Amino acid sequence: RMRKTAESALRIACLLSVAAVIAGCETPASSDAPSQAPFTYEEVDRAAAGRVAIGDIDGDGRNDIALHTWTEGIAWYRYPDWERREIVSDIAKGGDEIQLADIDRDGDLDLVGVWETNSDIYWYENPGSSAGAPAASWKITLVGKGGKELKDLSVIDLDGDGRLDTVSRHHDAIKIHFQESPDDWVQRTIDITEREGMAVGDLDSDGDADIVLNGYWLEHPADPRGDPWVRHDIDSLWFEMQGGGWRDNGARVVIADLDADGREDVVLSASERRNEDWPIAWYRQTPAQDGTISWEQSVVGYLPNAHTLQVADFDLDGDLDVLACRLRDSDFLPAYIFYNENGEWRRVQILEGGCYSGKVGDIDDDGDMDFISSRTWADPPVYILRNTRRSPDQTGDLKMKRVQLDVLPERAMFVEPGDIDGDGALDLVAGEAWWRNPGTPEGEWKPTRFGAPLNSAIAVRDFDQDGDLDVLGTQGRGAEANHRFAWAQNDGQGGFEVFTNVDSPGAGDFLQGRAIADFGSGTEVILSWHAGGGGLHALRVPADPANGVWTARKLSPTTQDEDLSAGDIDRDGDTDLLLGTIWLRNEAPGWTAFKIGEVSEGLPDRNSLADIDLDGDLDAVVSLENGREVYWFEAPPDPTAPWAQHSVAVVDGQGFSMDVADMDGDGDTDILVGEHRGREDNRVLLLENRDKGRAWTVLEIDRGSKDIIDHHNGTQAVDIDGDGDPDVVSIGWYNPKLWLYENRS
């Protein structure tokens, strides 16, 4: 249970004081004079210790804490009362890491770690809806043998087959276990020098995950199961240390883009080395013209035995800070945050008393990063340093609750709302089915299939003009290449008859954009293919959609292969098209292309038209694939001239989901972004318009493990519960699920 002892309260009071002396405590001579550090100390379990992991174990939308103790089993603590629930009671000593991840892809977080030995890797299956029951049974399955003690562990889809694999370091070997199924794993061993320290991430920005160790990295090959993992050195300081033992030569490793240049950097600390002058080092990636990578070292600070090393934006100023904590070999065991101030580092002490393999996460869902740890591997307590820069009740006027409505049978290209059954409530359409609104977001949303061969819905409209909503889609399943179409005619109550009297426009793989309007010759559906479509195509809806033929034509050779938005951009009374950084002027029967601007990295992905600056014309909002910026482009009086570019925010997980709406009810247009490629988590962000597009505030609506949730062509604003404020619906690509965020403001 959460408790605060007098000793702990006194210790934290000393640290949080601006004065040098409070309540009889002295500021340690070896530390900078501590400035106001907005963290409060809270105990989770005063009798337990071990390695921790953070995640939503019971599926209630709030982060819980998992703990692997030294001798007393594995347990988890349920937010917010921290009631302890056992996972397994018999456990071997040792093992420095556990992870939470959805191994079996059933929508909940399982646990990965050791069990009967301190080296072999197992996964523990979350019992799902019964996870909150005190005696719920977690099935244990062997992943693979480790050999020596587990030191580092990562869970990631290493071979790109959609299944999570494990990468673990066991002193002098990397063990990769490729998942064939949750019960069947294939092992690969990479021999290395005896050390500790590992992180896994896309270091060279080529789309796959590399393995970073103490001072060098292993490059992901074309075939990660069979080809060599080529070694590249970063700094020999970390693998040629004097001392000989693994304790003297171990490291903690973090991959993070500290300078926000779009390239991943590496941060290293000595995990159990005693030298007082040993650095916490930041290695900035500097690509050479020949394609190789070199590294520029900067010292963040100095701390021996820094067995905890985490990177996050603790002060919410938009850049990444570094947290490090000393484990042992001293009477003074501080935790510091090194605040990033334009490349200079300001050290602030936030704790004295030690930490062991601590983790950072938003434990109270208030949008700032908290810290969870125990004192050592065997010394209690388990505690939280709660970041108080934001209170759980002061995250802005917008409060959302995430609800998982369903697990999709396959990927859906789009999600759309509409009153399908004519009962006055908005239902949801995605992929091969529609979900009936039960009247409350947390009710049972039951899917109903449209019927073969309509397998991937792209548009919901009253195509036959009979007063109910019909559905247009492709015959392909998920993301398979398919340019054959079908449409489903609604009987007014959600029953459908499927027709295939639709031409096949283009030759693309799957659709990424569509726009529906009367562009001058009746209702047309404009189509943008992800690849291979050969331009933009149009389907003309016949006067009698059931008996006529939906004819196809090539609208324009110009395409950006992604989203489409329709609106009167040039204010001449007809409907134009936005493709991203290009717009098409409607000059029926032809179209003329104009460029509005450029993006600094990546490619335009999602786009919207909205009057951001409230001047009466349509501006463009653009988010990126393989780029992190979100832009709005200001429409000039002559929209054929270049548009002024404005940066709204940097979104680490990229902009594959975006929408615009007045989310805060203040009369201007805000921007919603859902992350698709976050490092560890994917977020839903509100980019709040503060001054007609001249200032923006970034608010975090939601954060979830990338193994549980991502957003692809999702995060669409809609008042799903009819209470007058916008909710959000979303879908994922890596995690094909249907999500609803209920606005509880």
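Scroll up to find the structure.
In this report, we go over the structure that sits alongside the text. In this convention, every chain numbers its residues from 1, walking through the sequence in written order. Totals for whole chains, interfaces and linings use every residue, but because this is a predicted model, local features are given only for residues with pLDDT of at least 70 and side-chain atom pairs only at 80 or more, for both listing and counting. Where side-chain values are given, they derive from all heavy atoms of the structure, hydrogens and water being excluded.

### Points about the overall build of the protein chain
Convention followed: For the purposes of this entry, the term helix denotes a DSSP run of H or I that reaches at least four residues, the term strand denotes a run of E that reaches at least two, and both are numbered from the N terminus. Our radius of gyration looks at C-alpha atoms and nothing else; its globule reference is 2.2 Å times the residue count to the power 0.38. Each residue is assigned to one of three classes by its accessible area relative to the maximum for its type, calculated with a 1.4 Å probe on protein chains only: buried under 20%, partly exposed between the two thresholds, exposed over 50%. The Shrake-Rupley method, run with a 1.4 Å probe, gives the accessible areas here. Residue values count only the displayed protein chains as cover. Counted as positive: Lys and Arg. Counted as negative: Asp and Glu, with His and the chain ends omitted from the count. For this purpose, a charge sits on NZ of Lys, CZ of Arg, CG of Asp or CD of Glu.
In terms of regular secondary structure, the protein chain is built from two helices and 58 strands. The globule rule puts the C-alpha radius of gyration for 745 residues at 27 Å, and the 27 Å found for the protein chain is close to it. If one aligns the C-alpha atoms of the protein chain with their principal axes, the spans along those axes are about 80 × 55 × 55 Å. For the protein chain, the proportion of its 745 residues judged to be buried stands at 60%. Of the roughly 27000 Å² of accessible surface on the protein chain, a fraction of 45% belongs to carbon and sulfur atoms. Averaging the locations of the 67 positively and 145 negatively charged side chains of the protein chain gives two centres separated by 6 Å.

### Thoughts on empty space enclosed by the protein
Quick reminder of the rule: A pocket, in this scheme, is an open set of points on a 1 Å grid over the protein atoms alone with protein on both sides within 12 Å along at least 5 of 7 lines, while a cavity is a set where a 1.4 Å probe fits but cannot get out; residues line either one if an atom lies within 4 Å of a point. Grid points are joined across faces, edges and corners, and a volume is the space filled by probe spheres set on the points. Side-chain classes are defined by residue name, with Ala, Val, Leu, Ile, Met, Phe, Trp, Tyr, Cys and Pro counting as nonpolar, Asp, Glu, Lys and Arg as charged, and the others, Gly among them, as polar.
Inspection of every chain in the model, using the stated rule, returns two cavities of 30 Å³ or more. Around the largest cavity, the lining residues are Met 413, Ser 456, Ile 458, Thr 474, Gly 476, Arg 477, Gly 478, Glu 480, Asn 482, Asp 509, Phe 510 and Leu 511. Of the residues contributing to the lining of the largest cavity, the split by class is four nonpolar, five polar and three charged. Quantified by volume, the second largest cavity comes out at close to 40 Å³. Lining the second largest cavity are Leu 408, Pro 409, Glu 410, Ala 412, Ala 430, Gly 431, Glu 432 and Trp 435. When its residues are assigned to classes, the lining of the second largest cavity shows five nonpolar, one polar and two charged.

### Section: the pattern of salt bridges
The cut-off we apply is this: Salt bridge criterion: a side-chain nitrogen from Lys or Arg within 4 Å of a carboxyl oxygen from Asp or Glu.
Scanning the entire structure with this criterion turns up 53 salt bridges. For Asp 421, the salt bridge identified is with Arg 436, shortest N-O distance 2.5 Å. Remark: Arg 436 occurs in strand β34 (residues 433-436) and Asp 421 occurs in the loop between β32 (415-418) and β33 (427-430); sequence separation between them is 15 residues. For Arg 436, a relative accessible area of 37% gives the class partly exposed. For Arg 606, the salt bridge is made with Asp 605, and the minimal N-O distance between the two is 2.7 Å. Just as Arg 606 is buried, Asp 605 falls in that class too. Connected via shared salt-bridge partners are Asp 257, Glu 264, Arg 628, Asp 652 and Arg 679.

### Re the nonpolar core
Using the following cut-off: Among the buried residues, those of types Ala, Val, Leu, Ile, Met, Phe, Trp, Tyr and Cys that are joined through side-chain atoms within 4.5 Å form a nonpolar core. The criterion used for residue contact is that any of the two residues' heavy atoms lie within 4.5 Å.
By size, the foremost hydrophobic cluster in this structure holds 29 residues, and its most contacted members are Ala 66, Leu 111, Tyr 124 and Tyr 741. At the level of elements, β6 (74-78), β7 (83-88), β10 (121-125), β54 (681-689), β55 (696-705) and β58 (737-743) are the ones that each hand at least two residues to this core. The contacts of Tyr 741, once residues within four sequence positions are left out, are Met 400, Lys 401, Arg 402, Val 684, Ile 701, Asp 702, Ile 709, His 711, Asp 727, Val 728 and Ser 730. If you look at the next biggest cluster of nonpolar residues, it comprises 21 residues, including Ala 459, Phe 463, Leu 527 and Trp 733.

### Notes on the side chain of Asn 63
Stated precisely, the cut-off is as follows: Under the rule applied, a polar contact is a pair of N or O atoms within 3.5 Å (in protein, one hydrogen donor and one hydrogen acceptor; residues adjacent in sequence only if both atoms are side-chain atoms).
Locating Asn 63 in the fold gives a position in the loop between β4 (50-55) and β5 (64-69). Residue Asn 63 is classed as buried on the basis of its relative accessible area of 18%. Among the polar contacts made by the side chain of Asn 63, one reaches the main-chain amide nitrogen of Asp 56 at a distance of 3.5 Å. A distance of 3.0 Å separates the side chain of Asn 63 from the backbone oxygen of Asp 362, its partner in a polar contact. When near neighbours in sequence (up to four residues on either side) are disregarded, Asn 63 contacts Ile 54, Gly 55, Asp 56, Tyr 79, Trp 82, Asp 362 and Ile 363.

### Examining unusual backbone geometry
Negative phi values dominate among residues other than glycine, just as trans dominates among peptide bonds. Cis rather than trans, the peptide bond between Tyr 79 and Pro 80 has omega equal to 5°. You can see Pro 80 is positioned in the loop between β6 and β7. The residue Arg 571 is not glycine, and still its phi comes out positive at about 60°. In this fold, Arg 571 is placed in the loop between β44 (565-567) and β45 (576-578). With relative accessibility at 39%, the residue Arg 571 sits in the partly exposed group.

### Looking at the packing of aromatic side chains
When we look at a pair of aromatic rings, we describe it by the centre distance and by the angle of the planes. Counted only if it meets this: Pairing of aromatic side chains requires ring centres within 6.5 Å, counting the rings of Phe and Tyr and the six-membered ring of Trp. Pairs whose planes differ by under 30 degrees are stacked, by over 60 edge-to-face, and all others tilted. Working rule: Lys NZ or Arg CZ, within 6 Å of ring centre, within 35 degrees of ring normal, means a charge sits over the ring.
Scanning all chains against the criterion turns up 18 aromatic pairs. Considering the side-chain rings of Phe 463 and Trp 550, the 5.2 Å spacing of their centres and the 65° angle between planes classify their relative orientation as edge-to-face. Of this pair, Phe 463 sits in the loop between β36 (456-461) and β37 (470-474) while Trp 550 sits in the loop between β42 (536-540) and β43 (551-556); the two residues are 87 residues apart in sequence, bridging distant segments of the chain. With a relative accessible area of 6%, Phe 463 lands in the buried category. Members of the aromatic cluster, connected to one another through ring pairs, are Phe 463, Trp 487, Phe 499 and Trp 550. Looking at Arg 231, its charged tip hangs above the ring of Tyr 216, at a distance of 3.7 Å from the centre. If you follow Arg 231 out to its NZ or CZ, it ends over the ring of Phe 239, 4.6 Å from the centre.

### Notes on the state of the cysteines
Here is the rule we go by: The term disulfide is used for any two cysteine sulfur atoms that are within 2.5 Å.
All chains considered together, the criterion is met by one disulfide. Here Cys 325 connects covalently by a disulfide to Cys 355, the sulfurs 1.8 Å from one another. Sign of the S-S torsion, about 100° for the bond between Cys 325 and Cys 355, identifies this disulfide as right-handed. With Cys 325 in strand β25 (residues 321-326) and Cys 355 in the loop between β27 (344-352) and β28 (356-361), this residue pair connects regions lying 30 residues apart in the sequence.

### A short note on the layout of surface pockets
Within this model, the second largest pocket holds a volume of roughly 550 Å³. Lining the second largest pocket are 26 residues, with Arg 514, Asp 563, Leu 564, Ser 565 and Gln 716 sitting closest to its centre. Of all the secondary structure elements, the ones that give two or more residues to the lining of the second largest pocket are β32, β36, β40 (511-518), β44, β48 (603-610), β52 (657-661) and β56 (716-718). It is β48 that provides the largest number of residues to the lining of the second largest pocket, a total of four residues. Considered class by class, the residues forming the lining of the second largest pocket number 13 nonpolar, seven polar and six charged.

### Topic: the side chain of Gln 654
Tracing the chain through its elements places Gln 654 in the loop between β51 (644-650) and β52. When its relative accessible area of 12% is taken as the criterion, Gln 654 is described as buried. Engagement of the side chain of Gln 654 in a polar contact is seen with the backbone nitrogen of Asn 626, the distance being 2.6 Å. Once residues lying within four places of it in the same chain are set aside, the contact partners of Gln 654 are Leu 624, Glu 625, Asn 626, Gly 627, Val 673, Gly 674, Glu 675, His 676 and Arg 677.

Take it as geometry only, folks, not as evidence of what the structure does.
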